[in-house]
Amino acid sequence: MPYRSPANEFRFLMDHVVGFDQVAATDRYAEATPDTCDAIITEAAKLCDDIIAPLQRPGDMHPAKLENGVVRTSPGFGDGFKAIAEGGWIGISADPEYGGMGLPLTLATSVNDMMAGACLSLQLNPLMCQGQIEALEHHASDTIKDTYLPKLISGEWTGTMNLTEPQAGSDVGALRSKAEPKGDGSYAISGQKIYISWADNDFTENVCHLVLARLPDGVPGTKGISLFMVPKFIPNEDGTLGDRNSLRVVSLEHKMGLHGSPTAVMEYDNARGWLVGPEHGGMAAMFTMMNNARVGVATQGVGVAEAAYQHALAYAMDRKQGRAGGSGAIVEHADVRRMLASMKADTFAARAITMANAVAIDMSNATGDAGWKARAALLTPISKAFGTDIGVEVAATGIQAHGGMGFIEETGAAQYARDVRVATIYEGTNGIQAMDLVARKMMDGGDAAVALLDEIEAAAEAAKDTLPDLVEPVWQACESLRETTEWLVGQDMNDRFAGAVPYLRAFARVLGGHYHLTAALQGDETRKRLATFYIKRLLPEHAGLLAHVREGADDLMALSVDDLVA
Ligand SMILES: Cc1cc2nc3c(=O)[nH]c(=O)nc-3n(C[C@H](O)[C@H](O)[C@H](O)COP(=O)(O)OP(=O)(O)OC[C@H]3O[C@@H](n4cnc5c(N)ncnc54)[C@H](O)[C@@H]3O)c2cc1C
């Protein structure tokens, strides 16, 4: 069944659920009128349905290959990328001074969601470019901006991010790549990086690598790391391409999914690079890219959840088995209905959280307001982890809804589960996201979290006469989350970390309840029925999760390594 972009869903969320009107009311985003948003979403939907989605299976069946040092991409990917570039979709939120559209991240998030649902392997490429563009806009010198940004935004060149090394994964500070000043303003970069997404391709004339490395006087750990632009071909002053840089793709990984995206081991051997941001300020610069990328990866989870749901629904409406009643198809069985309703309700919740995160980032960028900045920072780990967890869970349920056919590759249901699996791992594992939420994001004593919970309770109060049956459980869940948040900020880090993952999930469950309730208040009966399903059947999970959080670390860590081995 062909993927169909859920264009109307984005408009509904923007107009009625996540408060996009606030973004459109700012001077910075005054161009994001309803007509512009409609045009963008409609055009992007067309591209995704007609051009990108047909690349999904070829990418899986014909993975990218390394031939004599050259990466050969999956059939059709070059044309697909060109279509994305020519539509201006890479630079949708980029600075107009360099050729971007300057539109809000909320719109870019809608477009990225559709593109991820259509073909995740290909979508990862423009997503990496967008992260690099944002990092350069904020941290690069004018020379680097002038040289690289127009080419990256137009899609003539692509961008990657190089953090990971064999001994430095989650612990980025353990990296060993070196940078030596050459005395002419450039640096010699040496080292090995692993798992580099879209490290090379055969359809753009240059690939620009942002590489983390340590200068000779860089202290150990993250504080001694600097960021460098290391292009495959070194641009001349007139913008034409000059010498080939001394970097190479050593090998491509054989992965469980995402086959169309070449994931490389990279070697830099005294490659020429240029500093981005200040010396030893690499992590701050890279964080700009990672925060953008985290919302982008959340969107990958949501987009794949949407596609997996559409697939399973079509199958369930067609497959006849047992005495189903009604149409006679398995969609009439209560348990199949449960699976499909969970998939749809969770996809809505994860999408709403991710778009609310994008709205907070847009508002922070447009107004500089500290409250919006704190809201954006709080929501980023939640949307990254919940969006990708839901991608994985919905894709797995999609296989189950297909029965045996879910296990057979031809249906395509398994590909969604294989492709999206990595999204909970890269851009900071979901465990690291949860630790970020309970540590760094609670350094304010929980103020940003409590401000959000206040808003949720106020919205519930305002709706109590309209939908009392739905309001009460949302209000109660929010109150439980508030109590656990107040308890959590009083604990030491061991106790916080022991409960970080269930805490993040409970937070997302409550946010999902709030957004479903907000949607139901629009009066549409379908929205009300979906909200009822979520609030009565999925939201109650928060209570078990919060009980888990409150257990702290003692009995968990008392379960010793010897006990695990026994
Ligand atoms: C397909 C793919 C594409 C990728 N693309 C890129 C890319 O483009 N650029 C790039 O730089 N990297 C990329 N990565 C690397 C990715 O970001 C890392 O795999 C990820 O950060 C985790 O690091 P690791 O694999 O070393 O796992 P580890 O850090 O070894 O983690 C293993 C487990 O231990 C947990 N853990 C680790 N440290 C802690 C801690 N302090 N507290 C609690 N738990 C902890 C983790 O959560 C995880 O569950 C990619 C990876 C894959 C698989």
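This is a predicted model, so every value here is computed, not measured. Each chain has its residues counted from 1, running along the sequence as written. Selection of residues for local features in this predicted model requires a pLDDT of at least 70, selection of side-chain atom pairs for listing and counting requires 80 or more, and totals for whole chains, interfaces and linings are taken over all residues. To get the side-chain values, all heavy atoms of the structure are used, and hydrogens and water are removed first.

Draft legend 1. Main features of the overall build of the protein. When helices and strands are counted, the protein shows 21 helices and 11 strands. Relative to a compact globule of 566 residues, whose C-alpha radius of gyration would be 24 Å, the protein shows 23 Å and is just as compact. When the backbone C-alpha atoms are referred to their principal axes, the protein occupies close to 70 × 60 × 55 Å. When the 566 residues of the protein are sorted by exposure, 58% land in the buried category. In the structure as shown, the protein presents an accessible area of about 22,500 Å², 53% of it carried by carbon and sulfur atoms. Here the protein contributes 47 positively and 73 negatively charged side chains, and the mean placements of these two sets differ by 5 Å. Secondary structure is summarised from DSSP: a helix means a run of H or I of at least four residues, a strand means a run of E of at least two, and numbering begins at the N terminus for each. Radius of gyration: over C-alpha atoms. The globule rule applied is 2.2 Å multiplied by the number of residues raised to the 0.38 power. Throughout this description, buried means an accessible area under 20% of the type-specific maximum (1.4 Å probe, protein chains only), exposed means over 50%, and partly exposed covers the range between. Accessible surface is estimated by sampling points in the Shrake-Rupley manner with a 1.4 Å probe; for residues, cover comes only from the protein chains shown. The sign given to each residue is positive for Lys and Arg and negative for Asp and Glu; His and the chain ends receive no count. Throughout, a charge is located at the NZ atom of Lys, the CZ atom of Arg, the CG atom of Asp or the CD atom of Glu.

Draft legend 2. Representation of helix α3 (residues 34-52) within the structure. By definition here, a helix of n residues has an expected span of 1.5 Å times n minus one. Taking 1.5 Å per residue as the helical rise, α3 with its 19 residues ought to reach 27 Å, and the 25 Å between its terminal C-alpha atoms agrees with that figure. The contact criterion used throughout is that any non-hydrogen atoms of two residues lie within 4.5 Å. Residues of α3 that are buried sit in contact with α1 (7-17), α2 (20-24), α4 (56-61), α5 (77-86), α6 (105-118) and α7 (120-139).

Draft legend 3. Examining the layout of surface pockets more closely. Estimates place the volume of the second largest pocket at around 340 Å³. Definitions used throughout: a 1 Å grid over protein atoms alone; a cavity as a set of points that fits a 1.4 Å probe which cannot get out; a pocket as an open set with protein on both sides within 12 Å along at least five of seven lines; a lining residue as one with an atom within 4 Å of a point. As for the second largest pocket, its lining consists of 13 residues, of which Thr 143, Thr 147, Tyr 148, Pro 235 and Trp 274 are closest to the centre. Where the lining of the second largest pocket is concerned, the elements lending two or more residues are α8 (142-154), β8 (233-235), β9 (241-244) and β11 (263-276). If one sorts the elements of the lining of the second largest pocket by residue count, α8 sits on top with 4 residues. For the lining of the second largest pocket, the per-class residue count stands at 5 nonpolar, 5 polar and 3 charged. Grid points are joined across faces, edges and corners, and a volume is the space filled by probe spheres set on the points. Each residue gets one of three labels, nonpolar for Ala, Val, Leu, Ile, Met, Phe, Trp, Tyr, Cys and Pro, charged for Asp, Glu, Lys and Arg, and polar for the others, Gly among them.

Draft legend 4. Representation of the nonpolar core in the model. Ranked by internal contacts, the top residues of the largest apolar core, which has 165 residues, are Leu 136, Tyr 503 and Phe 507. Ranked by residue count, the leading element in this core is helix α10 (residues 334-367), at 18 residues. Apart from residues lying up to four places away in sequence, Tyr 503 is in contact with Leu 437, Val 438, Met 442, Leu 481, Thr 484, Thr 485, Leu 488, Leu 546 and Val 549. By size, the runner-up hydrophobic cluster in this structure holds 20 residues, among which are Ile 196, Ala 213, Met 266 and Ala 271. Here, the term nonpolar core denotes a set of buried Ala, Val, Leu, Ile, Met, Phe, Trp, Tyr and Cys residues that are joined through side-chain atoms within 4.5 Å.

Draft legend 5. Layout of the packing of aromatic side chains. Note on ring pairs: Phe, Tyr and Trp rings are taken, using the six-membered ring of Trp, and paired if centres are within 6.5 Å. Classes follow the plane angle, with under 30 degrees stacked, over 60 edge-to-face and the rest tilted. If you walk through the whole model with that rule in mind, you get 6 aromatic pairs. A ring pair is formed by Phe 77 and Trp 198, whose centres lie 6.4 Å apart and whose planes are at 25°; its orientation type is stacked. One end of the pair, Phe 77, is in helix α5; the other, Trp 198, is in the loop between β5 (187-197) and β6 (206-214), with 121 residues separating them in the sequence. The pair formed by Phe 77 and Trp 198 is uniform in burial state, with each residue classed as buried. Here the basic side chain of Arg 244 rests over the ring of Phe 233, its NZ or CZ set 5.6 Å away from the ring centre. In this arrangement the basic side chain of Arg 527 is found over the ring face of Phe 12, its NZ or CZ atom lying 3.6 Å from the centre. Working rule: Lys NZ or Arg CZ, within 6 Å of ring centre, within 35 degrees of ring normal, means a charge sits over the ring.

Draft legend 6. Layout of unusual backbone geometry. One non-glycine residue, Asn 270, lies in the positive phi region at around 55°. Its relative accessible area of 45% is what places Asn 270 among the partly exposed residues.

Draft legend 7. Region of interest: the environment of Ala 179. By the secondary structure assignment, Ala 179 is in strand β4 (residues 178-181). You can call Ala 179 buried: its relative accessible area is 0%. Sequence separation of Ala 179 and Ala 285 is 106 residues, and the distance between their C-alpha atoms is 16 Å. Other than its neighbours up to four places away in sequence, Ala 179 contacts Ala 188, Ile 189, Ala 213, Arg 214, Leu 215, Pro 216 and Phe 228.

Draft legend 8. Highlighting the packing of α5 against α7. Note on definitions: angles span 0 to 180 degrees between N-to-C directions of axes, and those axes are lines fitted to C-alpha atoms, for helices only across the stretch in contact. For the pair α5 and α7, the least separation of the axes is 11 Å and the interaxial angle reads 45°. Relative to α7, α5 is oriented oblique. Crossing angle aside, the handedness with which α5 passes α7 is right-handed. Taken together, the residues of α7 that come into contact with α5 (itself represented by Phe 77, Gly 80, Phe 81 and Ile 84) are Ser 121, Leu 122, Asn 125 and Pro 126. Classifying every residue of the contact of α5 with α7 gives 5 nonpolar, 3 polar and no charged. With respect to orientation, any angle under 35 degrees is reported as roughly parallel, any angle over 145 as roughly antiparallel, any angle of 65 to 115 as roughly perpendicular, and every other angle as oblique. Whether a crossing is left-handed or right-handed is set by the direction in which the near helix is turned from the far one by less than a right angle, anticlockwise for left-handed and clockwise for right-handed.

Draft legend 9. Expanded view of the side chain of Thr 109. Relative to the assigned elements, Thr 109 resides in helix α6. For Thr 109, a relative accessible area of 4% translates into the label buried. Not counting chain neighbours up to four residues away, the residues in contact with Thr 109 comprise Val 295, Thr 299, Thr 354, Met 355 and Ala 358.

Draft legend 10. The arrangement of a nonpolar patch on the surface in detail. Together, Ile 432, Met 435, Met 493 and Phe 497 make up an exposed nonpolar region whose accessible area comes to about 290 Å². Within the secondary structure, Met 435 sits in helix α13 (residues 430-438). To count toward a patch, a residue needs a relative accessible area above 30% and no salt bridge. Like charges then connect within 9 Å, nonpolar side chains (Val, Leu, Ile, Met, Phe, Trp, Tyr) within 5 Å. Any carboxyl oxygen of Asp or Glu within 4 Å of a side-chain nitrogen of Lys or Arg constitutes a salt bridge here.

Draft legend 11. Fine view of the site of the ligand. The near set for a molecule or strand comprises every residue that places at least one heavy atom within 4 Å of it. Taken together, the neighbourhood of the ligand is formed by 19 residues, with Leu 163, Thr 164, Ser 170, Tyr 195 and Thr 429 sitting nearest. With respect to the ligand, the side chain of Thr 164 contributes an N or O atom lying 2.7 Å from a nitrogen atom. At 2.6 Å, a side-chain N or O of Ser 170 approaches an oxygen atom of the ligand. When the ligand is considered free in solution it has 970 Å² of accessible area, and contact with the protein chains removes 63% of it. Ranked by the residues each element gives to the shell around the ligand, the list is headed by β5, at 3 residues. Split by residue class, the shell around the ligand holds 10 nonpolar, 7 polar and 2 charged. By the criterion applied in these results, polar contacts are pairs of N or O atoms within 3.5 Å in which, for protein atoms, one can donate a hydrogen and the other can accept it, and in which residues neighboring in sequence qualify only through two side-chain atoms.

Draft legend 12. Structural context of the pattern of salt bridges. Inspection of the entire model under this criterion finds 30 salt bridges. Measuring nitrogen to oxygen at the nearest pair gives 2.7 Å for the salt bridge that ties Arg 11 to Asp 15. Taken together, the positions of Arg 11 and Asp 15, both in helix α1 and 4 residues apart, correspond to about one turn of that helix. We classify Asp 15 as partly exposed; its relative accessible area is 45%. Among the ionic pairs, Arg 505 bridges to Glu 393, the shortest N-O distance being 2.8 Å.

Draft legend 13. Representation of the pairing of β9 within the structure. Here, strands pair whenever DSSP counts at least two bridges between them. Here β8 pairs with β9 via 2 bridges, running antiparallel. Across the sheet, Phe 233 pairs through a bridge with Arg 244, a residue of β9.

Draft legend 14. The arrangement of helix α18 (residues 525-538) in detail. The end-to-end C-alpha distance of α18 is 19 Å, a good match for the 20 Å that 14 residues give at a rise of 1.5 Å each. Within α18 the residues assigned to the buried category are Arg 527, Leu 530, Ala 531, Phe 533, Tyr 534, Ile 535 and Leu 538. Near the N-terminus of α18, the side chain that reaches the backbone nitrogen of Thr 526, with its oxygen 3.1 Å away, is that of Asp 524.

Draft legend 15. Broad picture of a negative patch on the surface. Side chains of Asp 492, Glu 551, Asp 554 and Asp 555 sit close together on the surface and give a patch of like negative charge. Tracing the backbone shows Glu 551 in the loop between α19 (541-550) and α20 (554-558).

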